[in-house]
Amino acid sequence: MFGCLVAGRLVQTAAQQVAEDKFVFDLPDYENINHVVVFMLGTIPFPEGMGGSVYFSYPDSNGMPVWQLLGFVTNGKPSAIFKISGLKSGEGSQHPFGTMNIVRTPSVAQIGISVELLDSLAQQTPVGNAAVSSVDSFTQFTQKMLDNFYNFASSFAVSQAQMTPSPSEMFIPANVVLKWYGGLCSSHIKALSNHIYFACECISSLTFKHFLL
């Protein structure tokens with residue numbers, strides 16, 4: 001029903017079922033893990049009105065498990081990426097795995113998934129620093145670059161009536177930029193490039209009517 005993925009490692013799809021509605025994945029050498037992806041395999045959906053709370057557990061200095069709520073997966077949001085590099089210290093939170101008979105090994109953390117009512121999930125608060133920003137440095141750079149391009153190019157915009165013939169100057173029609181935009185989007189969206197897709201979305205929001213048409 002669930003899968004777990006860490007960069008540079010094989011995908012885990014055989015979760016340990018510790019209760020009828022509880023599942024656990026082991027994360028060996030967890031000290032070297034920064035992010036983890038939890039997803040539904042697509043074979044079995046959640047029952048109507050149900051979802052899964054996702055927890056991260058690591059052993060404290062005494063070898064006792066410290067559980068922290070990362071977030072949720074549901075039929076409407078079947079995958080999520082979590083940052084766990086900053087969660088390997090600190091206090092735990094309330095969790096539903098306290099009475100589970102879970103085999104524990106030093107240097108092995110765990111991802112736990114608890115199937116619960118959606119109404120119950122809505123009342124839970126994940127740890128704040130587990131959320132992964134949807135805007136990374138590349139996206140921020142792309143957005144700033146496009147803003148700069150628009151502001152610079154539009155500052156030179158003139159209508160055909162305002163144009164002064166100048167044989168030494170080169171003019172680029174706005175439809176050329178639009179053609180570039182369309183080609184870039186079609187090729188990279190097919191390649192599932194989320195970063196370029198975001199850039200294309202930013203470009204589409206520009207008002208090209210200010211350019212020479």
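Just above, that's the structure.
First, a word on scope: everything that follows refers to the structure included in this document. (Residues numbered from 1 in each chain as written. Predicted model: local features only at pLDDT ≥ 70, side-chain atom pairs only at ≥ 80, totals over all residues. Heavy atoms only, no water.)

Going through the model one piece at a time under the given rule, you end up with one salt bridge. The residue Asp21 makes a salt bridge to Lys22 at a minimum N-O spacing of 3.1 Å. A relative accessible area of 29% means that Asp21 is categorised as partly exposed. Taking the relative accessible area as the measure of exposure, Lys22 reaches 9% and is therefore buried. (Salt bridge = Lys/Arg side-chain N within 4 Å of Asp/Glu carboxyl O. Buried < 20%, exposed > 50% of the residue type's maximum accessible area, 1.4 Å probe, protein only.)

Before going further, it helps to spend a moment on the packing of aromatic side chains. According to the stated counting rule, one finds four aromatic pairs in the structure shown. Summarising the aromatic geometry, the rings of Phe2 and Phe46 are spaced 5.7 Å apart at their centres and angled 50° between planes, so their arrangement reads as tilted. With a gap of 44 residues between them, Phe2 in strand 1 (residues 2–5) and Phe46 in the loop between strand 4 (35–40) and strand 5 (50–59) connect regions that are remote in the sequence. Grouping residues by exposure puts Phe2 and Phe46 together as buried. (Phe/Tyr/Trp six-rings, centres within 6.5 Å; stacked < 30°, edge-to-face > 60°. Helix = DSSP H or I, 4+ residues; strand = E, 2+ residues; numbered from the N terminus.)

Taken in spatial order, the three strands line up as 1-4-7 in an open sheet, and their pairing is antiparallel. Each edge of the open sheet is held by one strand with a lone partner, namely strand 1 and strand 7 (79–83). Neighbour to neighbour, the strand axes of the sheet diverge by 20° on average, direction disregarded. Two strands pair when backbone bridges link them, and strand 1 and strand 4 are joined in this way by four bridges, in the antiparallel orientation. (Pairing = 2+ DSSP bridges. Axes fitted to C-alpha atoms, helices over the stretch in contact; angles between N-to-C directions.)

What follows covers the sheet that holds strand 3 (residues 22–28). Pairing in this open sheet of five strands is antiparallel, and the strands run 2-3-8-5-6 from one edge to the other. Each edge of the sheet is formed by a strand with only one pairing partner; in this case those strands are strand 2 (16–19) and strand 6 (65–73). Within this sheet the neighbouring strands show an average axis-to-axis angle of 30°, counted without direction. Inspection of the sheet shows strand 5 paired to strand 8 (residues 108–117) by eight bridges, in the antiparallel sense. Bridge pairing links Ser57 to Gln110 in strand 8.

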